[in-house]
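Here is how the chains run, residue by residue.
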Amino acid sequence: MQAVNVRLIQIALLALILGSWQIGVTSGVIDRFFFPAPLDIVQQVISWVADPSFYKHVGITLSETVLGYVIGTGLGVAAGVWLGLSPYVARVLDPFIKAVNAIPRVVLAPIFVLWLGLGLWSKVALAVTLVFFVTFFNAMQGVREVNPVVLSNTRILGASRSDLLRHVYFPAAASWILSSLRTSVGFAVVGAIIGEYLGASAGLGYLIARSEGNFDAVGVFAGIIILALFVLIIDLLLDVAEKRLITWRPKAGEERPA
Amino acid sequence: MSIAARKISAVSQTSLPPMVAIDNVTMAFGSFVAVENVNLKVGNGEFLSIVGPTGCGKSTILNAIAGLLKPAKGAVSIDGATVGGVQNTIGYLFQQDALLPWKTAYQNVELGLMFRGVAAEERRAKVMAWLEKVGLKGFESRFPHQLSGGQRKRVQMAQALITEPKVILMDEPFSALDIHTRHLMQNELLRLWQEDRRAVVMITHDLEEAIALGDRVAVLAAGPRSRVIESFPVDLERPRNVSEIKLDPKFMTLYRDIWASLRGEVEKSYASR
Ligand SMILES: Nc1ncnc2c1ncn2[C@@H]1O[C@H](COP(=O)(O)OP(=O)(O)O)[C@@H](O)[C@H]1O
Ligand SMILES: [Mg+2]
């Protein structure tokens, strides 16, 4: 009953905001150059979604995101596990890692365009630099925090170094990676979009940048809404993936005290 | 002191060659000497219990046998071979949860055989047999967090014993369990051990457990620089039932004798904190 009430209030609130916005625009109180009418935005969204060529843009942004995520995670796990297991190397490299991580990624976009061109790969590179560090720090932490008792036990059971990597360290790192799945996929999306926004010939970020270039506020708002939907759908997929992948962990509320 | 000396010498006269020999072992963490000049021998098929106040170095000694820690002085040998690194001819039942949380009961029990390169088919037969032996048939695909404390201990037991180790080390294996589960598990341990007697070194702070399970009880002094102060043979018939044996008059006499020796050390360890 309460849930239904909350939902009703939410819908009423949305209708109120959009309704007064729409009325404001048609009555001329709100300047439609800066705040286009909601109905126009919806129309733009619908005409995009109905247009087959629109999916080319979605497909490109999606490929950049997936490639950025997969490559960034792969490199991050490898580096994180390696440095987690070699504290000495980690100490030596520490200032360099911190310095590189401190660079705001946006400034790298022009350099990647210079190196890799305006196509897909400069965006993937930007996404990789964002995803890499999240995964890297998580994987390193995961490896360092492996329970020493579990480790001793596995060694006594006869595990070789590669057995330990495969059955203890990588799963330990993986559990951290899974817990940072949302964050890092979010970063991959941000990397792809920013890359497209700053210089591209296709993709959702490009759509927004192009509309902006034409002073087409309707296009910008429609692009933002499409982007929000895009992220929401990815989030839903991640939800399913997470539930499938982490079966070994207690779900919230299922935890045993001892 | 003379009584202690007599008892220790009586023990070292066991006719069998020792499976585990701890010779003059000193264990230190930096400048902190946890145990000093410890001598202990465990015969093949013998069940040795070690008792001592908390923090006296019981786990440290066990880790030296397992090869997880290196003695500062002296040496440990298993079946005649000096311990140089982590041993995998032993089974170690840790006090804490030592199962891999991302593997099921089945996969956890399987580990030792898998690391030894045993074929999947043979592994399967053995794992299923062991899970049944420890009363976990039907729980193969449960993850550790889906098992109770007692069930997790059973999985750990199967995991440690499936490789048929020469020596079984147990560090307060049942201390985290409630009293009923503990009795159940103690009896089960005795049953498994009786089937296939191996050398056992069990640490406990529970004197009743030490006597009920062991062939011999060694008492450690309060730390630091702990050592073995006395060693008591337990001449109670086997097979034993843990809950019933506590009513045996011989058990009670032993309990009184060992407690007389242990009590002073426990008091010392309380006084020093
Ligand atoms: N890794 C370590 N570093 C320093 N001191 C340690 C370490 N492990 C154990 N100790 C100390 O050695 C002593 C014996 O510890 P332990 O063997 O765990 O005792 P217990 O008899 O309770 O098992 C304790 O005083 C403990 O504080
Ligand atoms: Mg201990």
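Parameters at a glance
- Residues numbered from 1 in each chain as written.
- Chains lettered and ligands numbered in written order.
- Predicted model: local features only at pLDDT ≥ 70, side-chain atom pairs only at ≥ 80, totals over all residues.
- Heavy atoms only, no water.
- UniProt positions renumbered as here; feature names shortened; annotations may be inferred.
- Core = buried A, V, L, I, M, F, W, Y, C linked by side-chain atoms within 4.5 Å.
- Buried < 20%, exposed > 50% of the residue type's maximum accessible area, 1.4 Å probe, protein only.
- Contact = heavy atoms within 4.5 Å.
- Helix = DSSP H or I, 4+ residues; strand = E, 2+ residues; numbered from the N terminus.
- Pairing = 2+ DSSP bridges.
- Near = heavy atom within 4 Å.
- Polar contact = N/O pair within 3.5 Å; in protein donor to acceptor, adjacent residues only side chain to side chain.
- Nonpolar A, V, L, I, M, F, W, Y, C, P; charged D, E, K, R; others polar.
- Buried area = accessible area lost by both parts, 1.4 Å probe.
- Salt bridge = Lys/Arg side-chain N within 4 Å of Asp/Glu carboxyl O.
- Axes fitted to C-alpha atoms, helices over the stretch in contact; angles between N-to-C directions.
- Left-handed = near helix turned anticlockwise from the far one by under 90°.

In the annotation of an unreviewed UniProt entry, chain A is listed under the name ABC transporter permease and assigned to Xaviernesmea rhizosphaerae. Regarding chain A, the UniProt comment filed under Sequence similarities (unreviewed entry) reads as follows: "Belongs to the binding-protein-dependent transport system permease family." Within the UniProt record for chain A, the comment given under Subcellular location (unreviewed entry) is "Cell membrane".

In this structure, what is going on with the nonpolar core? I would like to understand it.
Grouped burial of nonpolar side chains is what soluble globular proteins tend to show. One finds B:F47, B:M157, B:M170, B:L207, B:I211, B:V217 and B:I258 to be the most contacted residues of the largest nonpolar core, which totals 50 residues. Ignoring any residue separated from it by four or fewer positions in sequence, one finds B:I211 in contact with B:V217, B:V234, B:L236, B:R240, B:F251, B:L254, B:Y255 and B:I258. In this structure, A:V58, A:Y169, A:L178 and A:L207 belong to the second largest nonpolar core, which totals 45 residues.

Would you explain the UniProt feature "domain: ABC transmembrane type-1" (unreviewed entry) in chain A in this entry?
Taking the numbering used here, the UniProt-annotated feature "domain: ABC transmembrane type-1" (unreviewed entry) corresponds to residues 58-238 of chain A. Helix makes up 86% of residues 58-238 of chain A and strand makes up 0%, while its end C-alpha atoms are separated by 18 Å.

What exactly am I supposed to notice about the pairing of strand β10 (residues 228-233) of chain B here?
Put simply, side chains in a regular strand alternate between the two faces of the sheet. All names here are of chain B. Of all six residues that make up β10, five are buried, and the element is covered over most of its length. With five bridges joining them, strand β9 (residues 216-220) and β10 adopt antiparallel strand pairing. Within β10, the residue paired with L220 across the bridge is V228.

Explain the pairing of strand β3 (residues 47-51) of chain B here, please?
Residue and element names in this part refer to chain B. Across the five residues of β3, five count as buried, placing the element largely inside the fold. Alternating positions in β3 separate into two faces, F47, S49 and V51 on one and L48 and I50 on the other, with burial throughout. Where β3 lies against strand β8 (residues 199-204), five bridges are found, and the strand directions are parallel. If you follow I50 over to β8, its bridge partner there is I203. Pairing geometry for β3 and β9, over four bridges, is parallel. Bridged to L48 within β9 is R216.

Quick question: what am I supposed to make of the site of ligand 1 here?
Residue and element names in this part refer to chain B. Around ligand 1, the structure places F29, F32, A34, T54, G55, C56, G57, K58, S59 and T60. Interatomic distance of 2.8 Å between a backbone N/O atom of G55 and an oxygen atom of ligand 1. One of the side-chain N or O atoms of T60 is found 2.5 Å from an oxygen atom in ligand 1. Elements supplying a minimum of two residues to the shell around ligand 1: β2 (32-43) and α2 (58-66). Examining the composition of the shell around ligand 1, we find that three residues originate from one element, α2, more than from any other. In the shell around ligand 1, the residues fall into four nonpolar, five polar and one charged.

How should I be thinking about the interface of chain B and chain A in this particular structure?
Many descriptions give the size of an interface as the accessible area lost when the pieces come together. Listed as interface residues are 28 residues of chain B and, on the opposing side, 23 residues of chain A. When the two sides are added together, the surface that chain B and chain A hide from each other amounts to roughly 2,300 Å², 65% of it contributed by carbon and sulfur. Counting the surface chain B buries against chain A, the share from its top three residues, B:W102, B:F115 and B:H145, is 34%. The tally of links from chain B across to chain A stands at zero salt bridges. Listing elements by their share of the side of chain B that touches chain A, those giving two or more residues are β6 (90-93), α3 (105-115) and α5 (149-161) of chain B.

Any chance you could explain the UniProt feature "transmembrane region" (unreviewed entry) in chain A here in plain terms?
Residue and element names in this part refer to chain A. With numbering aligned to this structure, UniProt lists the feature "transmembrane region" (unreviewed entry) at residues 66-90, 187-208 and 215-238. End C-alpha atoms of residues 66-90 are separated by 29 Å, and the span's content is 96% helix alongside 0% strand. The straight-line gap between the two end C-alpha atoms of residues 187-208 is 19 Å; of that span, 77% is helix and 0% is strand.

What is the right way to look at the packing of helix α9 (residues 181-198) of chain A against helix α10 (residues 204-213) of chain A in this model?
Two measures define how a pair of helices packs: the angle their axes make with one another and the distance between the axes. Residues and elements named next belong to chain A. Here α9 crosses α10 at 35°, and the two axes come no closer than 7 Å. Regarding α9 and α10, the two cross each other, and that crossing is right-handed. When α9 is examined against α10, the residues I193, E196 and Y197 are found in contact with a partner set consisting of L204, G205, Y206, I208, A209 and E212. Each residue belonging to the contact of α9 with α10 can be placed in one class, and the counts come to six nonpolar, one polar and two charged.

Explain the side chain of B:S77 to me, please; I cannot follow it from the model alone.
All names here are of chain B. Looking at the element boundaries, S77 is found in strand β4 (residues 73-78). Under the relative-accessibility criterion, S77 is labelled buried at 15%. Residues within four places of S77 in sequence aside, it is in contact with M19, V20, A21, T82 and V83.

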